[in-house]
Amino acid sequence: MNRNEFLQQTAMDEHPDQEDCVLCALASRGLIRVSGEDARDFLQGQLTNDINAVTAEQAQLSAWCNPKGRMLALFLVFMHDGDLYLQLPRERLDAVLKRLRMFVLRARVVLEDVSDDLVIAGAAGACLEETITRLPGKDLGAVTSDDLTLIRLPGEQPRIQVVGTADAVNAFRQRMANRAATASEDWWTLQNIRAGLPEVLDATAEAFIPQMVNLDVLEGISFTKGCYTGQEVVARMKYLGQLKRRMYLARATGNSPMSPGDSLWSPHSQSAQGAGKVVLAARLPDGSQEALAVAEISVAGAGGIRLHDGQGPEITLDAPPYEIPELQE
């Protein structure tokens, strides 16, 4: 079985409601394999997190920034079959890979697009603890079993990402088939939104400094690892207390559409950059949407926030499901 055959058998438009177990084919995810004896040293000088903390048992979130500290990409970094992998939205892969290769120079490192070589799927529900012998015990913990890498993701219910060859992932799917409903990727995106996990898409590339999308709280930044591209700006945000925006859970009134990159407007904002921007959005079965949005902390609780130029629908903002220091004051 190849990757396309797996996706054809798995991808469906169902949006399960309170199912005991759910499977999703994550076709929109891309993968960059980073191999070679200088792989870790190379990534250490590029990414916001400490790449040396990534092991076969531990994945991490890590951003790649431009010199101004704005995120070009946000990766899920993990090990599989002895190599390091950078997972990102597939729409960002070509641009990111092309630019990342420009910094290889004489480093003994190989960067390859392997999005078609491996399959990525998601699984969620109480049944995971009943059917998987070795389940990662903490968020972003990883386990390798039966040629698969399982990575635990945060959420209200147990949730894992599964990475492997199409045959290996298909065997996993068949093992879960009697228990699992099949969901669309929109359902998986909704779970990421509710868990407060951001992504960087084409529409939001270079829009955010890592702390704006709560990457410091999500342990996606190391402040002790040393230099990397954009490090001075990221460090300044921490040590000089200049962070004025954070990421929130967002919902628009009615069934108004929200898309990544959409701007937020507030009558209380004095910023030339606007009140904020949508990070990620997903549609619910009733047609409404939930989203993640970066907004000015000073206006987030004041009300009156709307999409676009103030003529769009009203937006409500709530704190994400983890503690944000600036929001506790």
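All figures in this text were calculated on a predicted structure; none of them were measured in a lab.

Cut-offs used in this document
Residues numbered from 1 in each chain as written. Predicted model: local features only at pLDDT ≥ 70, side-chain atom pairs only at ≥ 80, totals over all residues. Heavy atoms only, no water. Pairing = 2+ DSSP bridges. Helix = DSSP H or I, 4+ residues; strand = E, 2+ residues; numbered from the N terminus. Axes fitted to C-alpha atoms, helices over the stretch in contact; angles between N-to-C directions. Contact = heavy atoms within 4.5 Å. Salt bridge = Lys/Arg side-chain N within 4 Å of Asp/Glu carboxyl O. Buried < 20%, exposed > 50% of the residue type's maximum accessible area, 1.4 Å probe, protein only. Phe/Tyr/Trp six-rings, centres within 6.5 Å; stacked < 30°, edge-to-face > 60°. Lys NZ or Arg CZ within 6 Å of the ring centre and 35° of its normal.

Structural notes on the sheet that holds strand S3 (residues 60-65)
Item 1. Pairing is antiparallel in the open sheet, where 5 strands are placed in the order S3-S4-S5-S2-S6. Of all strands in the sheet, those bounded by a partner on one side alone are S3 and strand S6 (110-113). Direction aside, the axes of adjacent strands within the sheet are offset by 30 degrees on average.
Item 2. Summarising the sheet, strand S2 (residues 29-35) and S6 pair through 4 bridges and their orientation is antiparallel. Considered in S6, the bridge of Ser35 is made with Val110.
Item 3. In the packing of helix H3 (residues 90-101) onto the sheet, the strands contacted are S2, S3, strand S4 (71-80), strand S5 (83-89) and S6, and the crossing angle to S5 comes to about 130 degrees.

Observations regarding the pattern of salt bridges
Item 1. Taken as a whole, this structure holds 12 salt bridges when the rule is applied.
Item 2. Of the charged contacts, one joins Asp116 and Arg90 as a salt bridge, the two residues approaching to 2.5 Å between their closest N and O atoms. A residue pair is termed long-range when its members are at least 10 positions apart, and Asp116 in the loop between S6 and strand S7 (119-125) and Arg90 in helix H3 qualify at 26 residues.
Item 3. Arg194 is the partner of Glu290 in a salt bridge, and the nearest nitrogen-oxygen pair spans 2.9 Å. A residue pair is termed long-range when its members are at least 10 positions apart, and Glu290 in strand S15 (residues 289-296) and Arg194 in helix H6 (residues 185-194) qualify at 96 residues.
Item 4. The class of Glu290 is buried, set by a relative accessible area of 11%.

Examining the sheet that holds strand S10 (residues 159-164)
Item 1. A sheet is described by the order of its strands in space; here 6 strands give the open sequence S8-S9-S10-S7-S1-S11, paired in mixed fashion. Each having just a single partner strand, strand S8 (142-145) and strand S11 (181-183) make up the two edges of the open sheet. For this sheet, the mean angle separating the axes of adjacent strands, direction not counted, is 25 degrees.
Item 2. Both S8 and strand S9 (residues 148-152) contribute to a ladder of 4 bridges, which runs antiparallel. Looking across to S9, one finds that Ser145 is bridged to Leu148.
Item 3. Sheet strands touched by helix H5 (residues 166-176): strand S1 (21-25), S7, S9 and S10. Its angle to S10, the strand with the most contacts, is close to 145 degrees.

Brief notes about the environment of Pro325
Item 1. Relative to the assigned elements, Pro325 resides in helix H9 (residues 325-328).
Item 2. Given a relative accessible area of 46%, Pro325 falls into the partly exposed group.
Item 3. Measuring from C-alpha to C-alpha, the distance between Pro325 and Ile32 comes to 33 Å, with 293 residues separating the pair along the chain.

Let's talk about the environment of Ala177
Item 1. Locating Ala177 in the fold gives a position in the loop between H5 and S11.
Item 2. Taking relative accessible area as the criterion, Ala177 reaches 45% and is therefore assigned partly exposed.
Item 3. Sequence spacing of Ala177 and Leu190 is 13 residues, and the spatial spacing of their C-alpha atoms is 22 Å.

Focus: the packing of aromatic side chains
Item 1. Within the structure shown, the criterion is met by 4 aromatic pairs.
Item 2. Pairing Trp64 with Phe103 gives two aromatic rings, centres 6.1 Å apart and planes at 85 degrees, and the pair type is edge-to-face. You can see Trp64 sitting in strand S3 and its partner Phe103 sitting in the loop between H3 and S6, a full 39 residues away along the chain.
Item 3. Assessed through its relative accessible area of 1%, Trp64 is described here as buried.
Item 4. Here the aromatic rings of Trp187 and Trp188 are separated by 6.3 Å at their centres, their planes lie at 45 degrees, and the arrangement is tilted.
Item 5. The buried category is assigned to Trp188, whose relative accessible area is 1%.
Item 6. Stacked on the ring of Trp188, the Lys or Arg Arg159 has its end atom at 4.7 Å from the ring centre.
Item 7. The aromatic ring of Phe223 is capped on one face by Lys238, whose charged end is 4.8 Å from the ring centroid.

Details of unusual backbone geometry
Item 1. For Asp146, which is not glycine, the phi torsion reads 55 degrees and is therefore positive.
Item 2. Looking at the element boundaries, Asp146 is found in the loop between S8 and S9.
Item 3. Judged by its relative accessible area of 58%, Asp146 falls in the exposed class.
Item 4. Phi at Glu219 takes a positive value of approximately 60 degrees, unusual for a residue other than glycine.
Item 5. Relative to the elements of secondary structure, Glu219 occurs in the loop between H6 and helix H7 (231-239).

Topic: the pairing of strand S14 (residues 276-283)
Item 1. The element S14 is largely enclosed, with a buried count of 6 among its 8 residues.
Item 2. In this sheet, S14 lies alongside strand S13 (residues 263-265) in antiparallel orientation, the contact comprising 2 bridges. If you follow Ser263 over to S14, its bridge partner there is Lys277.
Item 3. With 7 bridges joining them, S14 and S15 adopt antiparallel strand pairing. Within S15, the residue paired with Ala281 across the bridge is Ala291.
Item 4. Connecting S14 to the antiparallel partner S15 that follows it, the hairpin turn spans 5 residues, and Gly287 within it adopts a positive phi of roughly 95 degrees.

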